[in-house]
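The lines below spell out each chain.
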Amino acid sequence: MSFLDRLGLGRPDLRAWAMYDWANSAFQTTIIAAVFPIYYQKVAAAGLPEAVAMSRFAWATTLAILIVAIVAPVLGAIADYSAIKKRLLGIFLGIGAVATAAMFWIQRGDWYFALVLFVVGNVGVAGSIVFYESLLPHLVSEDQLDRVSSAGYAIGYLGGGTLLAVNLLMIQKPELFGIPDAGTGTRLALSSVAVWWVVFSIPLFRRVPEPAVRRELDERPGTSALAGGVTRLFETFRELRRYRDAFVFLLAFLLYNDGIQTMIRMATIYGTAIGLPESAMITALLLTQFIGVPAAFLFGAVASKVGAKPAILGALVLYIVITVLGFRMKTAGDFMVLAALVGLVQGGSQALSRSVFATLIPKDRTAEFFGFFAVFEKFAGIFGPLLFSAAVMLTQSNRAAILSIILFFVAGGALLVTVDIDEGRRAAER
C-alpha cells in the first residue's frame with residue numbers, strides 16, 4: 001500500500017470527496033466556532049445585556065438545527081429515489097455560501113440581521129453535509145470506511161485551520177492585506193469563508209460519481225421523485241425497527257454528540273463572557289484544528305486495531321475530563337490546554353461515528369438513512385444549547401451551565417455500550 005492508501009486517500013475520487021471536508025470546515029471553524037460568535041457578542045449584539053445576547057444566539061442555533069432536522073430525511077429520500085445527491089448538495093452549498101458572503105455587511109447593533117444570516121448559513125452547511133456523507137458508502141468497501149472517514153475529518157481540520165490562520169492575520173494584522181482596520185478585517189474574514197467553501201468544493205463535483213439508483217421491485221414506473229421519495233421515507237422509518245443496532249447507535253450518537261456540539265458552539269461565547277482575550281481564544285481554536293489533523297488519522301488507525309466502539313468510548317471519557325476542566329477554567333492558558341485536549345478527540349470521535357453508522361445501513365438507501373443521521377445529529381445540537389441557555393438564565397452563571405454537558409457524554413456512552421456492531425452489520429447486509 002502507498003502512503004496515500006494507508007491514509008485512506010489512495011484514489012482521485014476519494015481525495016476529491018475528502019476535499020469537501022476541507023471546504024465546509026471553514027464554516028465550522030470561522031463561523032460556528034471562532035470569529036462569528038465573538039463578533040456577534042462584541043459588535044452585532046452590542047447594547048444587549050450579556051445574558052440576553054447569549055440566549056438569542058443559542059435560540060438561533062436551535063432554529064437552524066430544527067429546520068435541517070425537518071427537511072433532511074425528505075430530501076434524502078428524494079435524492080436516493082432520483083439520483084440527485086450531488087445536485088442537492090450544490091443547492092445547499094449555494095444557500096449557505098450566499099448567506100456567509102452577506103455577513104460582510106453586519107454592523108454594530110445588527111444582531112437580528114446577523115442571526116438570520118447565521119441561521120441560513122447553518123442550514124446550508126448542514127444540509128449539504130447530509131448528501132456529502134451519503135456518498136461515502138458508495139465509494140469504498142466496509143473495511144475501508146473508518147480510514148476514509150477519518151481522513152476526511154483530518155483534511156477538514158487542516159482546511160478549516162488554514163483559513164482560520166489567514167483570518168486571524170486579517171483581524172490582528174489587517175495592514176498586511178491592505179485592510180484599513182480590524183473591524184473590516186473581521187467582516188472580510190467572515191465573507192472569505194464563502195469563497196473558500198465554493199472553490200474547494202469543485203473537485204467533488206468533477207470527480208465523485210453520482211451513485212446509481214436501485215429501484216424497489218414494487219415501485220411503479222413514472223412515479224414522481226417527490227411521491228416516490230416520501231413513500232420510501234415512511235418505509236425506511238418503519239424499517240428502522242429491523243435495524244435495532246443502527247437505531248440504538250443513533251440514540252447514543254444523539255446524546256454524546258449533543259455534548260460535543262454544545263462545546264463547539266458555546267466555547268468562544270463562554271470564553272468571552274468570563275473575560276478571556278479574543279486573540280487567545282482564536283489562537284487556541286487554531287491549535288485545536290492542527291492537533292486534530294494527526295489525531296483524526298490516529299483514531300482511524302486505533303479503530304482498525306481495537307474497534308471503532310472502544311475508540312469512541314475512550315473519547316467520551318476524555319470529554320468528561322475536559323468538561324470538568326472547563327468548569328474550573330480561569331485564564332487564557334487554561335483555554336489553550338482545553339483546546340489541545342479537544343483537538344485530540346473531536347475529529348476522531350465524529351469520523352468514527354460517521355463510519356460506524358455507514359456500516360449499519362443498507363447501501364441502496366444511504367441518503368435516506370443519512371437524512372435520519374442528520375436529524376439525530378442536528379437535534380443533538382438543540383438540547384445542549386437549550387440547556388446551556390436555560391442554566392444561564394436561571395442561575396445568571398455561565399459556569400453552572402458547563403457541568404450539565406457531562407450528562408450527555410455519560411448517557412450516550414451507556415447506550416453505545418449496548419450496540420452490537422457486528423450484528424448491526426449483518427442486519428444491513430441481509
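Residues numbered from 1 in each chain as written. Predicted model: local features only at pLDDT ≥ 70, side-chain atom pairs only at ≥ 80, totals over all residues. Heavy atoms only, no water.

We now examine the overall build of the protein. Of the regular secondary structure elements, the protein holds 17 helices and zero strands. When burial is assessed residue by residue, the protein has 59% of its 430 residues classed as buried. (Helix = DSSP H or I, 4+ residues; strand = E, 2+ residues; numbered from the N terminus. Buried < 20%, exposed > 50% of the residue type's maximum accessible area, 1.4 Å probe, protein only.)

Taking 1.5 Å per residue, 29 residues should reach 42 Å; helix 11 (residues 278-306) reaches 40 Å between its end C-alpha atoms and fits that length. Gly292 marks the point of greatest bend in helix 11, at about 35°, and the proline Pro294 comes within the next four residues. (Expected span 1.5 Å × (residues − 1). Bend = angle between axes of the 7 residues up to and from the residue.)

Within the fold, Ser355 resides in helix 13 (residues 332-359). Residue Ser355 is classed as buried on the basis of its relative accessible area, which comes to 0%. Every residue in contact with Ser355, bar those within four places of it in the chain, is listed here: Leu145, Asp146 and Ser149. (Contact = heavy atoms within 4.5 Å.)

If you look at the biggest cluster of nonpolar residues, it comprises 121 residues, and the most contacted ones within it are Trp17, Phe36, Phe249 and Tyr256. Broken down by element, the residue count for this core peaks at 19 residues, all from helix 2 (residues 12-44). Not counting residues within four places of it along the chain, the set of residues in contact with Phe36 comprises Thr30, Ile31, Phe57, Met103, Ile106, Ala114, Phe118 and Leu190. By size, the runner-up hydrophobic cluster in this structure holds seven residues, among which are Ala51, Ala391, Val392 and Ile402. (Core = buried A, V, L, I, M, F, W, Y, C linked by side-chain atoms within 4.5 Å.)

A word on the pattern of salt bridges. Following the criterion strictly, the structure yields five salt bridges and no others. Asp21 serves as the salt-bridge partner of Arg354, at 3.4 Å between the closest nitrogen and oxygen. Taken as a pair, Arg354 in helix 13 and Asp21 in helix 2 lie far apart in primary sequence, 333 residues in all. Classification of Asp21 by relative accessible area gives buried; the value is 6%. Of the charged contacts, one joins Glu423 and Arg426 as a salt bridge, the two residues approaching to 3.1 Å between their closest N and O atoms. Taken together, the residues span about one helical turn, with Glu423 and Arg426 both in helix 17 (residues 421-429) at a distance of three residues. Arg426 gets classed as partly exposed once you look at its relative accessible area, which sits at 41%. Salt bridges here are not isolated pairs; linked through shared partners, they connect Asp21, Glu133 and Arg354. (Salt bridge = Lys/Arg side-chain N within 4 Å of Asp/Glu carboxyl O.)

In the predicted model, the protein carries a mean pLDDT of 83, and 87% of its residues have values of at least 70. When mean pLDDT is compared element by element in the protein, helix 7 (residues 182-199) scores highest at 97, while helix 9 (residues 225-239) scores lowest at 64. (pLDDT = per-residue confidence, 0-100.)

What follows concerns a nonpolar patch on the surface. A cluster of nonpolar residues, Leu63, Leu66, Ile67, Ile70 and Val71, forms a patch on the protein surface that exposes about 390 Å² of accessible area. With respect to the element layout, Val71 can be found in helix 3 (residues 50-82). (Patch = residues over 30% accessible without salt bridge, like charges linked within 9 Å, V, L, I, M, F, W, Y side chains within 5 Å. Areas by Shrake-Rupley, 256 points an atom, 1.4 Å probe, with all protein chains shown as cover.)

Looking now at the environment of Ile78. Relative to the assigned elements, Ile78 resides in helix 3. Owing to a relative accessible area of 12%, Ile78 belongs among the buried residues under this scheme. Sequence separation between Ile78 and Leu88 is 10 residues; the distance between their C-alpha atoms is 9.7 Å.

The next thing to look at is the packing of aromatic side chains. Per the stated rule, a full pass over the model turns up 17 aromatic pairs. Residues Tyr40 and Phe57 carry aromatic rings whose centres are separated by 5.5 Å and whose planes lie at 40° to one another, so their mutual orientation is tilted. Separated by 17 residues along the polypeptide, Tyr40 in helix 2 and Phe57 in helix 3 bring together distant segments of the chain. Exposure class is identical for Tyr40 and Phe57. Each is buried. Ring geometry for Phe249 against Phe253: centres 6.4 Å apart, planes inclined by 15°, an arrangement best described as stacked. Remark: Phe253 and Phe249 occur in helix 10 (residues 244-273); sequence separation between them is four residues, near one turn of the helix. You'll find Phe249 and Phe253 in the same group, each marked buried. Taken together, Phe36, Tyr40, Phe57 and Phe118 form an aromatic cluster joined through their ring pairs. Taking NZ or CZ as reference, Arg187 lies 4.5 Å from the ring centre of Phe104, over its face. (Phe/Tyr/Trp six-rings, centres within 6.5 Å; stacked < 30°, edge-to-face > 60°. Lys NZ or Arg CZ within 6 Å of the ring centre and 35° of its normal.)

Moving on: the packing of helix 2 against helix 7. Running from N to C, helix 2 and helix 7 cross one another at 165°; their axes reach a closest spacing of 9 Å. By the angle between their axes, helix 2 is roughly antiparallel relative to helix 7. Handedness of the helix 2/helix 7 crossing: left-handed. From helix 2, Tyr20, Trp22, Ala23, Asn24, Ala26, Phe27, Thr30, Ile31, Val35, Phe36 and Tyr39 reach across to helix 7, where they touch Thr186, Arg187, Ala189, Leu190, Val193, Trp196 and Trp197. Partitioned by chemical class, the residues of the contact of helix 2 with helix 7 number 14 nonpolar, three polar and one charged. (Axes fitted to C-alpha atoms, helices over the stretch in contact; angles between N-to-C directions. Parallel < 35°, antiparallel > 145°, perpendicular 65-115°, else oblique. Left-handed = near helix turned anticlockwise from the far one by under 90°. Nonpolar A, V, L, I, M, F, W, Y, C, P; charged D, E, K, R; others polar.)

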